[in-house]
Amino acid sequence: MGKMYIWSGAGNSFVVLDGRGMDTREFRTPAATGSLCREHGTDGLMILGGPASQGSDFSMEFYNPDGSGGMMCGNGGRCIAAFADYLGIPSHDDSFVFDAPDGKHCASILERASSSKWTVRLRMVDVGGVEEMPDGLFLDTGTRHFVKFVPDVEEVDVETEGRAIRRREEFAPMGTNVNFVSCLPDGLHVRTFEKGVEGKTLACGTGLTASAIAAWHSGRISPETKGDGRVKISLKARRDWLEVDFLPTQEKGFTEVFLTGPAELLASI
């Protein structure tokens, strides 16, 4: 069995395996994934593999603790790019291109603060639009997300309210992740209930991305806007500050979407 590691992206933690040149089928079963995540107290499992398409440097597989996969994880994407850098996979001017469940992504290493801490800027998928619902907004940022704005996220029972929304009929059969967001003077404060984990997590990268876009779309904030029309928004997860920037399009979609934040190697196991 190859060596495994524990990585954290703003508190969102993962067991990560270098799966190049080895048979990783045993790790893809729900029982194996759940066992690893429970044993190490992580929010998911990732496997770094060889490139799956032309022009890619490696591939990323992501699995929730319940074994479900096929979706993107923004914090995981930053971590696996830092992992590639840690492994010495050749980069292109400190940038990697990799295949993920929702398509091809580019990640740039902005800073190597130490031998175990990186800052990574990850390009997310383009977002086609935002669906307005009576009590929030729904969109897909590589994973399905519902965003609900609240006066104070600290007053929300994320487990109870998140679980109820996650299983609502309009989101069946796949369900949805649920983000509770407060718009405060220093930025957006976000708490997330993640399906697959079936509980609250310290951070969710695709959820932070969805929250930023939903806040701009609904006119709830006045973010910094660059001269080229790009929007930049600061967000606070439970532990760390992150940044989302994107370019709104005339078709009411969003392109050149980026998530910037920390990635940290916690341990080898």
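A quick note: this is a predicted structure, and the numbers were derived from the prediction, not measured.

S.K.: Go over the overall build of the protein chain with me, naming the residues and quoting the values.
M.R.: Along the backbone of the protein chain there are four helices and 17 strands. Since a compact globule built from 269 residues should have a radius of gyration of about 18 Å, the 17 Å found for the protein chain is in line with a globular shape. Along the longest, intermediate and shortest principal axes, the C-alpha atoms of the protein chain span 50 × 40 × 30 Å. Across the 269 residues that make up the protein chain, the buried fraction comes to 55%. Counted over contacts in the protein chain with a minimum sequence separation of 6, partners at least 24 positions apart contribute 59%. Carbon together with sulfur atoms contributes 48% to the accessible area of the protein chain, which is approximately 11,300 Å² in total. Mean positive and mean negative side-chain charge positions of the protein chain (28 and 38 charges, respectively) differ by 2 Å.

S.K.: With reference to specific residues and values, describe the pattern of salt bridges.
M.R.: In this structure the tally under the stated criterion is 16 salt bridges. Asp245 is paired through a salt bridge with Arg121; the nearest N and O atoms lie 2.7 Å apart. One end of the pair, Asp245, is in strand S16 (residues 241-248); the other, Arg121, is in strand S7 (residues 117-123), with 124 residues separating them in the sequence. In this structure, Arg167 engages Glu198 in a salt bridge whose closest nitrogen and oxygen atoms are separated by 3.7 Å. Residue Arg167 is found in the loop between helix H3 (158-166) and strand S11 (177-184), and its partner Glu198 is found in the loop between strand S12 (187-194) and strand S13 (199-201); the two are separated by 31 residues along the sequence. Using a relative accessible area of 24% as the deciding quantity, one classes Glu198 as partly exposed. Three or more residues are tied together by salt bridges with common partners; here these are Arg121, Arg230, Asp245 and Glu256.

S.K.: Quick one: what's the story with the environment of Thr176, residue by residue and with numbers?
M.R.: Along the polypeptide, Thr176 turns up in the loop between H3 and S11. We classify Thr176 as buried; its relative accessible area is 0%. Along the primary structure Thr176 and Arg144 are separated by 32 residues, whereas in three dimensions their C-alpha atoms are 5.3 Å apart. Among all residues touching Thr176, those that are not within four sequence positions of it are Phe138, Arg144, His145, Phe146, Ile165, Arg166, Phe171 and Lys195. In this structure the side chain of Thr176 is engaged in a polar contact, spanning 3.4 Å, whose partner is the backbone oxygen of Arg144. At a separation of 3.3 Å, a polar atom in the side chain of Thr176 contacts the main-chain amide nitrogen of Phe146.

S.K.: Provide a residue-level description of the pairing of strand S4 (residues 58-63), including the pertinent values.
M.R.: Judged by how many residues are buried, S4 sits mostly within the fold: five of six residues are covered. Pairing of S4 with strand S5 (residues 95-100), which is carried by two bridges, proceeds in the parallel orientation. Bridged to Ser59 within S5 is Asp99. At this point the chain moves from S4, through helix H2 (residues 74-87), to the parallel S5, and the crossover so formed is right-handed.

S.K.: An account of H3 is requested, with residue identities and associated values reported.
M.R.: Listed as buried for H3 are Val158, Gly162, Ile165 and Arg166. One side of H3 holds all its buried residues, which, seen down the axis, span an arc of 100°. Packing partners of the buried residues in H3 comprise strand S10 (144-149), S11, S12 and S13.

S.K.: Quick rundown of helix H1 (residues 30-40)? Include the residues and the values.
M.R.: Here H1 has its buried residues at Ala32, Thr33, Gly34, Leu36 and Cys37. The secondary structure elements touched by the buried residues of H1 are strand S1 (4-9), strand S2 (12-18), strand S3 (45-49) and S4. The first or second residue beyond H1 is Gly41, which carries a positive phi of 65°.

Parameters at a glance
By convention here, each chain's residues receive numbers from 1 onward along its written sequence. Note on the predicted model: pLDDT of at least 70 is required for a residue's local features to be given, and 80 or more for side-chain atom pairs to be given and counted; whole-chain, interface and lining totals, by contrast, use all residues. Just so you know, side-chain values use all the structure's heavy atoms and leave hydrogens and water out. Numbering of helices and strands runs from the N terminus; a helix is a DSSP stretch of H or I covering at least four residues, while a strand is a stretch of E covering at least two. Every radius of gyration here is taken over C-alpha atoms, with the globule rule written as 2.2 Å times N^0.38, N being the number of residues. Only protein chains enter the calculation, and the probe is 1.4 Å; a residue is then buried if its accessible area is under 20% of its type maximum, exposed if over 50%, and partly exposed in between. Residue contacts are defined here by distance: any two heavy atoms, one from each residue, within 4.5 Å place the two residues in contact. Calculation of accessible area relied on Shrake-Rupley with a 1.4 Å probe; when residues are assessed, cover is drawn exclusively from the protein chains displayed. The convention is simple: Lys and Arg are positive, Asp and Glu are negative, and His and the chain ends are not counted. Every charge is mapped to an atom, namely NZ of Lys, CZ of Arg, CG of Asp or CD of Glu. The term salt bridge refers to a side-chain nitrogen of Lys or Arg lying within 4 Å of a carboxyl oxygen of Asp or Glu. Polar contact is the term for a pair of N or O atoms within 3.5 Å; when the atoms are in protein, one must be able to donate a hydrogen and the other to accept it, and sequence-neighboring residues count only if both atoms are side-chain atoms. Pairing between two strands requires that DSSP report at least two bridges joining them. A clockwise path from the first strand over the helix to the second, with the strands pointing away from the viewer, defines a right-handed crossover. The directions considered for the arc run from the helix axis to the C-beta atoms.

All we've got here are geometric facts, nothing functional implied.
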